[in-house]
Amino acid sequence: MHTAPWLHRLFTGILAVGLVVAATATTEAATLASFGRCLKSKGATFYGTSWCPHCDAQRETLGDAMDYVKYVECSVDGARGETAAACKKADVDGYPTWSFADGSKEGGAQSLRELAAKTGCTLPNDVD
């Protein structure tokens, strides 16, 4: 059986559009995760504690990126009185603190835009 050329082109076009839509949906769903992976690859480290409300706000800002960000817990066993050795070594004196590959540090919760500017990581398209 011979298929009409226009039918073949139509089928090929529909298939191509479907692949583009599927690829776009996957890319958009992964943008915060990709941002988090980029922060880690660029040497950004988030120092915080489990009990710090500003750290909680930072984690919320990061959203799905948080799964990939290099995070260092500074409270030993969740206690407020003892600071983890890694945080002492990094000279962290407040929470949250971000350290960057260039040796600089920023205290306080950072916006995604501030983190992108500091690291060169590309922001997700839907970030305000």
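Check the entry above for the structure.
What counts, and at which threshold
- Residues numbered from 1 in each chain as written.
- Predicted model: local features only at pLDDT ≥ 70, side-chain atom pairs only at ≥ 80, totals over all residues.
- Heavy atoms only, no water.
- Phe/Tyr/Trp six-rings, centres within 6.5 Å; stacked < 30°, edge-to-face > 60°.
- Helix = DSSP H or I, 4+ residues; strand = E, 2+ residues; numbered from the N terminus.
- Buried < 20%, exposed > 50% of the residue type's maximum accessible area, 1.4 Å probe, protein only.
- Axes fitted to C-alpha atoms, helices over the stretch in contact; angles between N-to-C directions.
- Parallel < 35°, antiparallel > 145°, perpendicular 65-115°, else oblique.
- Left-handed = near helix turned anticlockwise from the far one by under 90°.
- Contact = heavy atoms within 4.5 Å.
- Nonpolar A, V, L, I, M, F, W, Y, C, P; charged D, E, K, R; others polar.
- Pairing = 2+ DSSP bridges.
- Salt bridge = Lys/Arg side-chain N within 4 Å of Asp/Glu carboxyl O.

Draft legend 1. Focus on the packing of aromatic side chains. Here the structure, examined in full by the defined rule, presents 4 aromatic pairs. With centroids separated by 6.0 Å and ring planes inclined at 85°, the aromatic side chains of W51 and Y95 adopt a geometry described as edge-to-face. With a gap of 44 residues between them, W51 in the loop between β1 (45-48) and α3 (53-62) and Y95 in the loop between α4 (85-89) and β3 (97-99) connect regions that are remote in the sequence. Given the relative accessible area of 23%, Y95 is considered partly exposed.

Draft legend 2. Representation of the packing of helix α2 (residues 31-41) against helix α5 (residues 112-119). Put simply, α2 and α5 touch, their axes get as near as 11 Å, and they point 45° apart. By the angle between their axes, α2 is oblique relative to α5. Relative to α5, the crossing made by α2 is left-handed. Across from L32, F35 and L39 in α2, the residues of α5 making contact are L112, L115, A116 and T119. Residue composition of the contact of α2 with α5, grouped by class: 6 nonpolar, 1 polar and no charged.

Draft legend 3. Summary view of the sheet that holds β1. The strand order across the open sheet formed by 4 strands is β2-β1-β3-β4, and the pairing between neighbours is mixed. The open sheet has two edge strands with one neighbour each: β2 (70-73) and β4 (105-107). On average, each strand axis in the sheet is inclined to that of its neighbour by 20°, with strand direction left out of account. Pairing between β1 and β3: 3 bridges, direction antiparallel. If you follow Y47 over to β3, its bridge partner there is T97. The strands that α3 touches are β1, β2 and β3; relative to β1, the one it contacts most, it runs at about 145°.

Draft legend 4. How the structure looks around the pattern of salt bridges. Applying the stated criterion across every chain yields a total of 2 salt bridges. With a shortest N-O distance of 2.8 Å, D56 and R59 are connected by a salt bridge. Residue D56 and its partner R59 are both found in helix α3; the two are separated by 3 residues, about one turn of the helix. Note that K118 and D102 form a salt bridge whose closest N and O atoms lie 3.3 Å from each other. Pair noted here: K118 is in helix α5 and D102 is in the loop between β3 and β4, with a separation of 16 residues, a long-range link. Since its relative accessible area comes to 33%, K118 is described here as partly exposed.

In short, geometric facts, not functional conclusions.
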